[in-house]
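Residue-level structural notes
Letter by letter, the chains look like this.
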Amino acid sequence: GQQLNQSPQSMFIQEGEDVSMNCTSSSIFNTWLWYKQDPGEGPVLLIALYKAGELTSNGRLTAQFGITRKDSFLNISASIPSDVGIYFCAGPASGGSYIPTFGRGTSLIVHP
Amino acid sequence: DAGVTQSPTHLIKTRGQQVTLRCSPISGHKSVSWYQQVLGQGPQFIFQYYEKEERGRGNFPDRFSARQFPNYSSELNVNALLLGDSALYLCASSPGGGDQPQHFGDGTRLSIL
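So, a few notes on the structure that sits alongside this text. Note that the coordinates shown come from a computational prediction; the quantities given were computed from them, not determined experimentally.

Before going further, it helps to spend a moment on the overall build of chain A. In terms of regular secondary structure, chain A is built from zero helices and eleven strands. Secondary structure elements of chain A occur, N-terminal to C-terminal, as β-β-β-β-β-β-β-β-β-β-β. A compact globule built from 112 residues would reach a C-alpha radius of gyration of about 13 Å, and chain A, at 13 Å, matches this within 12%. Across the 112 residues of chain A, 44% fall into the buried class. If you take every contact in chain A between residues at least 6 apart in sequence, the share linking residues at least 24 apart comes to 54%. For chain A, the accessible surface area stands at approximately 5,200 Å², while carbon and sulfur atoms represent 53% of it. Once the 6 positive and 8 negative side-chain charges of chain A are each reduced to a mean point, those two points are 13 Å apart.

The gaps left among the atoms become clear once a water-sized probe is rolled over them. Its volume calculated, the largest pocket comes out at about 930 Å³. In terms of lining residues, the largest pocket is bounded by 41 residues, among which Phe88(A), Gly103(A), Gln41(B), Gly42(B) and Pro43(B) are the most central. Among the elements that make up the lining of the largest pocket, the one with the highest residue count is strand β11 (residues 106-111) of chain A (four residues). Across the lining of the largest pocket, the residue classes tally to 16 nonpolar, 21 polar and four charged.

Moving on: the interface of chain B and chain A. Taken together, the contacts link 20 residues of chain B with 20 residues of chain A. On inspection of chain B and its partner chain A, the count reaches zero salt bridges. Taken together, the links from chain B to chain A amount to three residue pairs in polar contact (both at pLDDT 80 or more). Put simply, the parts of the chain that give the side of chain B that touches chain A at least two residues each are β4 (31-37), β5 (44-50), β6 (53-57) and β9 (87-94) of chain B. Classifying every residue of the side of chain B that touches chain A gives seven nonpolar, nine polar and four charged.

In this section: the sheet that holds strand β8 (residues 74-78) of chain B. Residues and elements named next belong to chain B. One open sheet holds the four strands; their spatial order is β1-β3-β8-β7, and the pairing between them is antiparallel. Each end of this open sheet is capped by a strand with a single partner; those strands are β1 (5-7) and β7 (64-68). The average undirected angle you get between the axes of adjacent strands in this sheet is 15°.

Residues and elements named next belong to chain B. The pairing of β5 with β6 spans four bridges and is classified as antiparallel. Bridging across to β6, Gln 48 finds its partner in Gly 56. Between β5 and the antiparallel strand that follows it, β6, lie two residues; Glu 51 among them carries a positive phi value of about 50°.

All right, on to the pairing of strand β11 (residues 108-112) of chain B then. Residues and elements named next belong to chain B. What you see with β11 is a clean split: Thr 108, Leu 110 and Ile 112 sit on the buried side and Arg 109 and Ser 111 on the side with no burial. In terms of strand pairing, strand β2 (residues 10-13) meets β11 through four bridges, oriented parallel. Within β11, the position partnered with Leu 11 by the bridge is Leu 110. Strand direction decides the pairing type here: β9 and β11, joined by three bridges, are antiparallel. Within β11, the position partnered with Leu 88 by the bridge is Arg 109.

What counts and how
Residues numbered from 1 in each chain as written. Chains lettered and ligands numbered in written order. Predicted model: local features only at pLDDT ≥ 70, side-chain atom pairs only at ≥ 80, totals over all residues. Heavy atoms only, no water. Helix = DSSP H or I, 4+ residues; strand = E, 2+ residues; numbered from the N terminus. Rg over C-alpha atoms; globule rule 2.2 N^0.38 Å. Buried < 20%, exposed > 50% of the residue type's maximum accessible area, 1.4 Å probe, protein only. Contact = heavy atoms within 4.5 Å. Areas by Shrake-Rupley, 256 points an atom, 1.4 Å probe, with all protein chains shown as cover. Lys, Arg positive; Asp, Glu negative; His and termini not counted. Charge placed at Lys NZ, Arg CZ, Asp CG, Glu CD. 1 Å grid on protein atoms, 1.4 Å probe; cavity = no way out; pocket = protein on both sides within 12 Å on 5 of 7 lines; lining within 4 Å. Points joined across faces, edges and corners; volume = space filled by probe spheres on them. Nonpolar A, V, L, I, M, F, W, Y, C, P; charged D, E, K, R; others polar. Salt bridge = Lys/Arg side-chain N within 4 Å of Asp/Glu carboxyl O. Polar contact = N/O pair within 3.5 Å; in protein donor to acceptor, adjacent residues only side chain to side chain. Pairing = 2+ DSSP bridges. Axes fitted to C-alpha atoms, helices over the stretch in contact; angles between N-to-C directions.

Structural measurements only, silent on function.
And the structure:
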């Protein structure tokens, strides 16, 4: 079955730094989704991408749908303490499957 | 507007027992999906229901079953519980089926003793 690989697995950064994380798939994706999960809560949708090459921003967050349709990137600019959490990429592979697949997440810790 | 609501928030069961988890989708959403999330991993897809019919099933044993009611709420049932079933069970809803972005509830934390 399809697999999503997220990297890095964890990040420890200083407040104010920029963050980059990525996600790669063994299959072509039609949609890429980025979620953030805080402890004790469910994942919250941050950005949805629907077209290869698409670049979408949500405040300090920017995500891109890779041209190959097998990868996606999430950048966070000027990190703040409330950015702490686990970031997941997700999406359904093409070919008629809409079973959503999630990566294992990137854990972000921001030091004040 | 209320988001996806799940009940109970926490549950403790013993091996061999059965459990029923409940989910109410966002108003107007007709699709509900269930996920299992174990510590340190991303959510794993269990079921998706749309208009009361099963639209997708993940790689879970037959001990796991679900249904969707006319008001679009849903229940997840797990029989013959095993220690490995301990996890956070998440429900997500979307307006329709397919690959529309899903909105998650805060989950039910199930612990098996």
